[in-house]
Amino acid sequence: MDNFKTQLTQPSPESRQEWMGKIVSSLAIILIGGLVLAILVFLTIKGIALFTDNDVSVWHFLSQADWQPGHQHYGALPMITTSFSVTILAGIIALPLALVVAVAITEILPKKTTSLFQPLIELLVGVPSVVYGYLGLTIIVPEIQRLFGGTGFGILAATGVLFLMILPTMTSMTVDSLNAVPKQYRQASAGLGATRWQTISRVIIPSAKDGILTAAVFGMARAFGEALAVQMVIGNTAVMPKELVESSATLTSVLTTGIGNSVMGTTDNNALWSLALILLLMSLVFNLLIHLVSKKGAA
């Protein structure tokens, strides 16, 4: 009888496993949160050093176009403008095509064809960025040079490369959003006499719009932070862009080309860390937008 009472009062093996699982999960959360916080604090301290230690005006840094580190001029507006330009252009071009491809895969094409296309698209998502950059360097840049003259490097070439990069990602996420629409919606629309196109345009796409917007924001976030592929085709000239086929530079291309040629703690190095801080803040903005869109869709 005493042994039976003891067994009842002692924790079971399952409860011990649950307790251990909670401890391990809590430690993992603390570790990940600590790493993220450390990165945020480190980048913030390094990013504001240009303004606190070197007395560079924040307004001048964000609003002027005189990026000349050799002459102690640090106006980052050309890179900020170019980064947003290539990101927005790539997103505007990629989103409609991604939606068309996703609709074809989920609603129009036969299942056998879909089983071939969808894995191919998901495979393209994992292709390294240097491959897209090499394709841009060997195909897109020469074609732009042949059609428009000049060197072929610039915003147009970078937009083409980023378009190729984010299209598979946006398509894959859009396919998942369309597949998440309940079949009952399609059946109800067909029961009311709607055509396939009416069902797609007035029922399925509106129902999946939050997921589609999430795919667009996610793709543009990847485009904004891309470094190597853009660096290979944009020309890396830190001047305010006036034409799509004129050599220019993004935040990431200036970072990757300049960080190895600067000494830690110097004004030039601090300016590059300030560019990295802008990238971090924009990444947080994109993540916030994704969270808001997803939260709105869940509601």
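Here, the structure is the one placed above.
Residues numbered from 1 in each chain as written. Predicted model: local features only at pLDDT ≥ 70, side-chain atom pairs only at ≥ 80, totals over all residues. Heavy atoms only, no water.

Draft legend 1. Geometry of the overall build of the chain. In terms of regular secondary structure, the chain is built from 13 helices and 2 strands. The C-alpha atoms of the chain give 25 Å as radius of gyration, which overshoots the globular expectation for 299 residues (19 Å, by more than 25%). The buried share among the 299 residues of the chain stands at 37%. Within the chain, residue pairs in contact and separated by at least 24 positions form 71% of the contacts whose partners lie at least 6 positions apart. Within the structure as shown, the chain displays about 16900 Å² of accessible surface, and the carbon and sulfur contribution to it stands at 68%. (Helix = DSSP H or I, 4+ residues; strand = E, 2+ residues; numbered from the N terminus. Rg over C-alpha atoms; globule rule 2.2 N^0.38 Å. Buried < 20%, exposed > 50% of the residue type's maximum accessible area, 1.4 Å probe, protein only. Contact = heavy atoms within 4.5 Å. Areas by Shrake-Rupley, 256 points an atom, 1.4 Å probe, with all protein chains shown as cover.)

Draft legend 2. Representation of the layout of surface pockets within the structure. Its volume calculated, the largest pocket comes out at about 350 Å³. Of all elements in the fold, only α4 (77–108), α5 (111–125), α7 (155–179), α8 (183–191) and α9 (196–207) reach the threshold of two or more residues within the lining of the largest pocket. The biggest single contributor to the lining of the largest pocket is α9, with 4 residues. Per-class residue counts for the lining of the largest pocket are 7 nonpolar, 6 polar and 5 charged. Here the second largest pocket defines a volume of roughly 230 Å³. In terms of lining, the second largest pocket is formed by 15 residues, of which the most central are Ile 121, Leu 124, Leu 167, Pro 168 and Thr 171. Contributing elements (two or more residues each) for the lining of the second largest pocket: α4, α5, α6 (129–148) and α7. In terms of residue count, α7 provides more of the lining of the second largest pocket than any other element does, 4 residues in total. In terms of residue class, the lining of the second largest pocket is built from 14 nonpolar, 1 polar and no charged. (1 Å grid on protein atoms, 1.4 Å probe; cavity = no way out; pocket = protein on both sides within 12 Å on 5 of 7 lines; lining within 4 Å. Points joined across faces, edges and corners; volume = space filled by probe spheres on them. Nonpolar A, V, L, I, M, F, W, Y, C, P; charged D, E, K, R; others polar.)

Draft legend 3. Expanded view of the nonpolar core. Ranked by size, the top nonpolar core spans 27 residues in total, and within it Phe 61, Trp 67, Ala 76, Met 79, Leu 251, Val 254 and Leu 275 carry the most contacts. Put simply, the parts of the chain that give this core at least two residues each are α2 (13–52), α4, α10 (209–225), α12 (251–258) and α13 (267–298). The contact partners of Val 254, leaving out residues within four places of it in the chain, are Trp 67, Met 79, Ala 249, Ile 259, Leu 272 and Leu 275. Counting residues in hydrophobic clusters, the runner-up holds 25 residues, among them Ala 94, Ile 140, Met 170 and Ala 223. (Core = buried A, V, L, I, M, F, W, Y, C linked by side-chain atoms within 4.5 Å.)

Draft legend 4. Here's a closer look at a nonpolar patch on the surface. Together, Trp 19, Met 20, Ile 23, Val 24, Leu 27 and Ile 30 line one region of the surface with nonpolar side chains, adding up to about 630 Å² of accessible area. Residue position: Trp 19 is located in helix α2. Judged by relative accessible area, which is 55%, Trp 19 ranks as exposed. (Patch = residues over 30% accessible without salt bridge, like charges linked within 9 Å, V, L, I, M, F, W, Y side chains within 5 Å. Salt bridge = Lys/Arg side-chain N within 4 Å of Asp/Glu carboxyl O.)

Draft legend 5. Structural detail: empty space enclosed by the protein. All chains considered together, the criterion is met by 1 cavity of 30 Å³ or more. Within this model, the largest cavity holds a volume of roughly 30 Å³. Those elements giving two or more residues to the lining of the largest cavity turn out to be α5 and α7. Looking at the lining of the largest cavity residue by residue, the class counts come to 2 nonpolar, 2 polar and 2 charged.

Draft legend 6. Region of the structure containing the packing of aromatic side chains. Counted according to the given criterion, the structure contains 5 aromatic pairs. For the pair Phe 51 and Phe 61, a centre-to-centre distance of 5.4 Å together with 75° between the ring planes defines the contact as edge-to-face. In this pair, Phe 51 sits in helix α2 while Phe 61 sits in helix α3 (residues 58–63), placing the two residues 10 residues apart along the sequence. Relative to Tyr 74, the ring of Trp 67 has its centre 5.9 Å away and its plane inclined at 75°; by these criteria the two rings are edge-to-face. Neither Trp 67 nor Tyr 74 differs from the other in exposure class; each is buried. One aromatic cluster is present, built from ring pairs that chain together Phe 84, Phe 224 and Phe 286. (Phe/Tyr/Trp six-rings, centres within 6.5 Å; stacked < 30°, edge-to-face > 60°.)

Draft legend 7. Quick look at unusual backbone geometry. Its identity as a non-glycine residue notwithstanding, Gln 72 has a phi of 60°, on the positive side. In this structure, Gln 72 sits in the loop between β1 (67–68) and β2 (73–74). With a phi angle near 60°, Asn 236 is a residue other than glycine that sits in the positive phi range.

Draft legend 8. Examining the packing of α7 against α10 more closely. Relative to each other, α7 and α10 sit at 155°, their axes nearing to 9 Å. With respect to each other, α7 and α10 are oriented roughly antiparallel. Helix-helix and strand crossings are classified by hand; for α7 and α10 the assignment is right-handed. Between α7 and α10, the residues in contact are Leu 162, Met 165, Ile 166, Thr 169, Met 170, Met 173, Thr 174 and Ser 177 and Gly 211, Ile 212, Thr 214, Ala 215, Ala 216, Phe 218, Gly 219, Arg 222 and Ala 223, respectively. Here the residues of the contact of α7 with α10 are counted per class, giving 10 nonpolar, 6 polar and 1 charged. (Axes fitted to C-alpha atoms, helices over the stretch in contact; angles between N-to-C directions. Parallel < 35°, antiparallel > 145°, perpendicular 65-115°, else oblique. Left-handed = near helix turned anticlockwise from the far one by under 90°.)

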